[in-house]
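The chain contents come next:
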Amino acid sequence: RSATRTKAKRKLPRDSSKAMKCCCLSFSLLLAWSAGAADKEPAASKTPRLPDAKPPGNPVVEKSIERGVYFLIGNQNKDGSWGSPRNTKGLNIYAPTYQSHYAFRLAVTALCTSAMIEAGGDHPRARAAIADSEKYLLGNLPKLRRATADAMYNVWAHGYGLQALVRLRARAQEAKEVDKVKRIEAVIKQQFDRLDRYESVDGGWGYYDFRLGTKKPASSSISFVNATVLVAFHEAKAAGIEPPKHLVKRALAALKRQHLPDGSFLYGEYLKYKPRRGINRPAGSLGRSQAGNIALRLWGDEKITDQVIVTWLDRLFARNEWLGIGRKRPVPHESWFQIAGYFYYYGHYYAGLLLEHVPAKDRPRLQDHLAATLMKLQEKEGDWWDYPLYDYHRQYGTAMAVMALQHCLRKPTVKE
């Protein structure tokens, strides 16, 4: 025993020295990594980037958009809406009371209406579809409320409803329909009121309140809901309708609190003490960061530079198969890094909006990547979908893909 102890004692300093060297080396590497991570913007060499995609050309993109539009026209409900509670599965999204599905249907109808306005053109069937959906939205958005104390899917309908209403108002102004313009403006202001009523105590919005279920929701502020509403608010402001300043201020503050130094966005503020959880890391935030970036950029956040936008778009395309692993999976967040299928077309829709803010030298190649990514996933009937959600998924997926593809169309060059 004593011999063993002596032998061990003799070896200890030698092993300790090696261990100390390894520890110092590891610490040096950690310092070097930390210094790199502290950069405001990632170096271009570290940003994943695909080789340039073959330009599909406007006629090919337009054909894909046309097929999507025809799908929407052919799948509109008789009352002018899109979507229904049908097509349930073994594990369904929590949707208590009819108001949950009322909210889903109104949100999806708003998205489809916006898509029809942007891409439907002057085709008689498109005009008829827009007229029917306009009637449905104006008649039903004012009636929408939260479903229960803990479920508030209505915030999605108020946000996307604003975008559709702004577009409908522009059409009414162009047609010089003064009374309709006034009616639409009244519903827009009502949506502002609803978003004020259902704003979280933390600022911004969430769609669940599992904390207290209070009149003023105690829901956690959710980054991508805040981004969605802030984009809608900016569209209203650009159209000359000022959104409530206190809602904008508080939503921006909440979104910025959830913006991590590496450019990712927390899923929700309730995860602020778990920032390195998979869903909050760049891989888990890949679809969400596009929405957060465009929202902050529109409202003047100087941290969202051109390079930040290009970097995250390059990541979206270089790691698209990674994001796509969650596509069409029936269980929310079952993919790696807790990615949910419903982030797929959501992320690509906001990527399309970001294309209007990238430098001219980067826009064509990013347009080509977005177009190539979306067109190869178009279904036989002309639709797109990423997550089985009753009978709403084909409609919202198609609407988002169609609007994203609109931003992939090359503008004709002006000859001097």
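Preceding this section is the structure that the text describes.
Remember, it's a predicted structure, so these values are computed and weren't measured experimentally.

Novice: Explain the pattern of salt bridges here, please?
Specialist: Between side chains of opposite charge, a pair can form when the charged atoms approach closely. Under the defined criterion, the tally for this structure stands at 25 salt bridges. Taking the shortest distance from any N to any O, the salt bridge between Arg410 and Asp368 comes out at 2.7 Å. In this pair, Arg410 sits in the segment after α14 (393–406) while Asp368 sits in helix α13 (residues 363–375), placing the two residues 42 residues apart along the sequence. Take Asp368: its relative accessible area is 5%, and that puts it in the buried class.

Novice: Before we go on, may I ask you to explain the layout of surface pockets in this structure?
Specialist: Picture a little ball the size of a water molecule; that probe, rolled over the atoms, points out where space is still empty. Considering only enclosed or pocket space, the second largest pocket measures out at about 560 Å³ in volume. Lining of the second largest pocket is provided by 23 residues; of these, Phe104, Trp156, Tyr342, Leu389 and Tyr396 occupy positions nearest its centre. When contributions to the lining of the second largest pocket are tallied by element, the ones reaching two or more residues are α3 (97–119), α5 (154–174) and α14. The element best represented in the lining of the second largest pocket is α3, accounting for five residues.

Novice: When you look at the packing of aromatic side chains in this model, what are you seeing that I'm missing?
Specialist: Under the definition given, this model contains 26 aromatic pairs. Both rings, one in Tyr208 and one in Phe210, keep their centres 4.9 Å apart while their planes meet at 20°; by these two values the pair is stacked. On the basis of relative accessible area, Phe210 is assigned to the exposed category, the value being 59%. Geometrically, the ring pair formed by Phe343 and Tyr346 is edge-to-face, given 6.1 Å between the ring centres and 70° between the ring planes. Taking relative accessible area as the criterion, Phe343 reaches 4% and is therefore assigned buried. Between Arg315 and the ring centre of Trp312, over which it is positioned, the NZ or CZ distance is 4.5 Å.

Novice: Explain unusual backbone geometry to me, please; I cannot follow it from the model alone.
Specialist: With the exception of glycine, the majority of residues adopt a negative phi angle, and the majority of peptide bonds are in the trans configuration. Although it is not a glycine, Lys328 adopts a positive phi angle of roughly 75°. Turning to its location among the elements, Lys328 is positioned in the loop between α11 (320–324) and α12 (344–354). Accessibility expressed as a relative area gives 30% for Lys328, which makes it partly exposed. Although it is not a glycine, His333 adopts a positive phi angle of roughly 65°. Mapped onto the fold, His333 is located in the loop between α11 and α12. Its relative accessible area of 23% is what places His333 among the partly exposed residues.

What counts, and at which threshold
Residues numbered from 1 in each chain as written. Predicted model: local features only at pLDDT ≥ 70, side-chain atom pairs only at ≥ 80, totals over all residues. Heavy atoms only, no water. Salt bridge = Lys/Arg side-chain N within 4 Å of Asp/Glu carboxyl O. Helix = DSSP H or I, 4+ residues; strand = E, 2+ residues; numbered from the N terminus. Buried < 20%, exposed > 50% of the residue type's maximum accessible area, 1.4 Å probe, protein only. 1 Å grid on protein atoms, 1.4 Å probe; cavity = no way out; pocket = protein on both sides within 12 Å on 5 of 7 lines; lining within 4 Å. Points joined across faces, edges and corners; volume = space filled by probe spheres on them. Phe/Tyr/Trp six-rings, centres within 6.5 Å; stacked < 30°, edge-to-face > 60°. Lys NZ or Arg CZ within 6 Å of the ring centre and 35° of its normal.

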